[in-house]
Amino acid sequence: MIKQRSLRSGKCFSQSGRCLSVFLLVACLLVKVSDLSASAFLTHQANHLFAGAGTDLTTATAAGPDGSAFFTGTFIGTISSSSGSISSNSGGLPDIFLTKLLPDGNTAWLLRLGGTSTEKAECVATDPANGRVYVGGQFAGTASFGNTNLTAVAGNDGFVACYEADGTFVWVRHIGGSGDESVFDIKKAADGLHLCGSYTASGSWGATTFSSTGGARWMFTVRADADGVPQTGIYTSSTQSIQPKSMVVLTDGVRVIAGTFTGTLLLPGSIFRDSNGVDDFVAIAFESNGNMRWVITGGGTGNDGANSLVASAAGDLLMGSSVEGGGQVTDVNGTQIISLASAGMQVARVSTAGVYTPLKSVAGPQLAGLAEGKRGVLHVAANFSAAVTLGTTTVNPPGNQPSVFIASYLAAGDLAGVATLSGVGACSALDMAITSHDGIALAGLAIGNLKYEEQTLATGNVGLDAFTLLLAPPALRLGIAMQSAQVRLTYPAYFYDAAIWENSTVASGSWTQIGSASTLTVGEMQQDPGAADAMRFYQLRWLTP
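Residues numbered from 1 in each chain as written. Predicted model: local features only at pLDDT ≥ 70, side-chain atom pairs only at ≥ 80, totals over all residues. Heavy atoms only, no water.

### Examining the packing of aromatic side chains
The tally for this structure, following the rule as stated, stands at 15 aromatic pairs. With a centroid separation of 6.3 Å and 70° between ring planes, the pair formed by Tyr199 and Trp218 is classed as edge-to-face. Taken together, the residues span a long stretch of sequence, with Tyr199 in strand 21 (residues 192-199) and Trp218 in strand 24 (residues 218-224) at a distance of 19 residues. Look at Trp218 and you get buried, because its relative accessible area is 15%. On the numbers, 6.3 Å between centres and 40° between planes, the contact of Tyr199 with Phe220 is tilted. (Phe/Tyr/Trp six-rings, centres within 6.5 Å; stacked < 30°, edge-to-face > 60°. Helix = DSSP H or I, 4+ residues; strand = E, 2+ residues; numbered from the N terminus. Buried < 20%, exposed > 50% of the residue type's maximum accessible area, 1.4 Å probe, protein only.)

### Thoughts on the nonpolar core
Ranked by size, the top nonpolar core spans 22 residues in total, and within it Ile406, Leu421, Leu442, Tyr452 and Phe467 carry the most contacts. Looking at this core, the elements that each hand over two or more residues are strand 38 (366-372), strand 42 (403-409), strand 43 (415-422), strand 44 (427-434), strand 45 (440-447), strand 46 (450-452) and strand 48 (464-472). In this structure, Phe467 is in contact with His48, Leu49, Thr58, Leu421, Cys427, Ser428, Leu442, Ala443, Gly444, Leu445, Ala446 and Leu450, ignoring residues within four places of it in sequence. With 21 residues, the next largest nonpolar core counts Phe70, Ile96, Val135 and Phe139 among its residues. (Core = buried A, V, L, I, M, F, W, Y, C linked by side-chain atoms within 4.5 Å. Contact = heavy atoms within 4.5 Å.)

### What about the sheet that holds strand 13 (residues 107-115)?
Across the sheet, which stays open at both edges, the 6 strands sit in the order 8-9-12-13-16-17 with antiparallel pairing between neighbours. Of all the strands in the sheet, the pair left with one neighbour each is strand 8 (57-63) and strand 17 (148-151). The mean angle between the axes of side-by-side strands here comes to 20°, regardless of whether they run parallel or antiparallel. Bridge analysis of strand 8 against strand 9 (residues 69-75) gives 6 bridges, and the strand direction is antiparallel. (Pairing = 2+ DSSP bridges. Axes fitted to C-alpha atoms, helices over the stretch in contact; angles between N-to-C directions.)

### Observations regarding unusual backbone geometry
Backbone geometry places Asp66, a non-glycine residue, at a positive phi of 55°. Tracing the sequence through the fold places Asp66 in the loop between strand 8 and strand 9. Take Asp66: its relative accessible area is 61%, and that puts it in the exposed class.

### Quick look at the confidence of the model for the protein chain
Overall, the predicted model of the protein chain reaches an average pLDDT of 79, with 79% of residues at or above 70. The secondary-structure element of the protein chain with the lowest mean pLDDT is strand 1 (residues 2-4), recorded at 27, while strand 15 (residues 133-139) shows the highest, at 97. The low-confidence segment residues 1-38, where pLDDT is below 50, has 97 contacts with residues more than four positions distant or belonging to other chains. Below a pLDDT of 50 lies the segment residues 476-545, which in the model reaches 201 contacts outside its immediate sequence neighbourhood of four places, other chains included. (pLDDT = per-residue confidence, 0-100.)

### What about the sheet that holds strand 33 (residues 317-323)?
Read from one edge to the other, the open sheet built from 4 strands follows the order 32-33-36-37, with strand pairing classed as antiparallel. Here the strands that pair on one side only, and so sit at the sheet edges, are strand 32 (305-311) and strand 37 (356-363). When strand polarity is set aside, the average angle formed by the axes of neighbouring strands in this sheet is 20°. Here strand 36 (residues 344-350) pairs with strand 37 via 7 bridges, running antiparallel. Residue pairing in the sheet places Val350 in a bridge with Tyr356 of strand 37.

Next up, the structure:
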């Protein structure tokens, strides 16, 4: 059980040089402030389960405005939400869905993308300046995006599509050729739209052309303008395969791409790297002119890959990888810099100069996503099927089924809490993002009922269903054992009004947002015939602007 420090009158909590002050304008003897005793550092806020006729999965998520989140994935048959239903048009093959989930659990809109063949969404991103959303992936045959139809040249072609925050279609761009192409990540930066993906054989994106040799899968990264017109491109080769997974664009325009490679990797400057086993993980930093700044590779004799790369508030990067059998990490000079002793998830801090510093190594689970909160809290989502030890805490998969755990670590590295997400059958996370309200957006798939901390959130079909999940930021809980009190907040916050008992769960209530520097008068104690110590209980969630 994890204890959160109690509030006391006049105490000050600081984050990023700012201070959240909570003043109880009454004597401490009259106001009781309760510890937060729970295994989960984050609490359930909202979710949706998309249950179609076949295999459905949510593959990617990105933060939207006002605590909302965008999700994309694939589905077969008909899926429904509070905003309506959509049906696939591929005769039993997957189509793409794109949706916006609001903090209250309702969906703002739900769109179908695709055609009569197989389509797959790999990534989604937002533009914080205007709220636009971008989705990327691959399609075959002829696919519809808004009022535009695209026809693949051969095999699977790549695409990137743009929509307004209200779901209105803006544009779609085609990346196609004689082989297979796909877009795996998108980031919006000050100098335009950055994409990374992979391709085989030859192809083009507008006036930009590219080609690979020997049937290998190569990687591309392209900067485009606001209308999706490519400006500059960088291409990296491999004798077998390189597949990007995640990308960060630094403030100086450097693109850092993390993913997986097999065989021999040929990098700019005639630098070669050989994988140790089947797959190794890789992170490459490219200057805006296409020159390589640094490269890190790692892995052993098994299948290894970098699944998540995020920018840290400290100005560096956080990288999450999964390894099968340990191995080693090498720098740009091919020098071994660290040993990976055990199979499982690896979390490291990577400087802008390419210095790799391990943070967390946990035997067993496979990392699915990373997110860094606004107060320096590191959240890790991982898939696991056997007991996992996190420091002094052991977490077991509910029902002995493949499940998900979300672990939260304080800036000092201490485990703040861990929670589980499960289904009646297998449950798996595929992507993770931090929301604008400092909560978590999680995407994945589950069989049967979706459960958080073994409490059922939604009921699904027998097959694999796509889920979206919002977890709220950590709460301060104030138990008021008096007729009235005042609480002053210096930041916008959410206020939760609920009747609960000591060490019990929320019985009822709703979230209400209160503005900056608001004074909130909280109500009187509630009595219950069966609980003499029952009291009115309040929670405050602060949201850093």
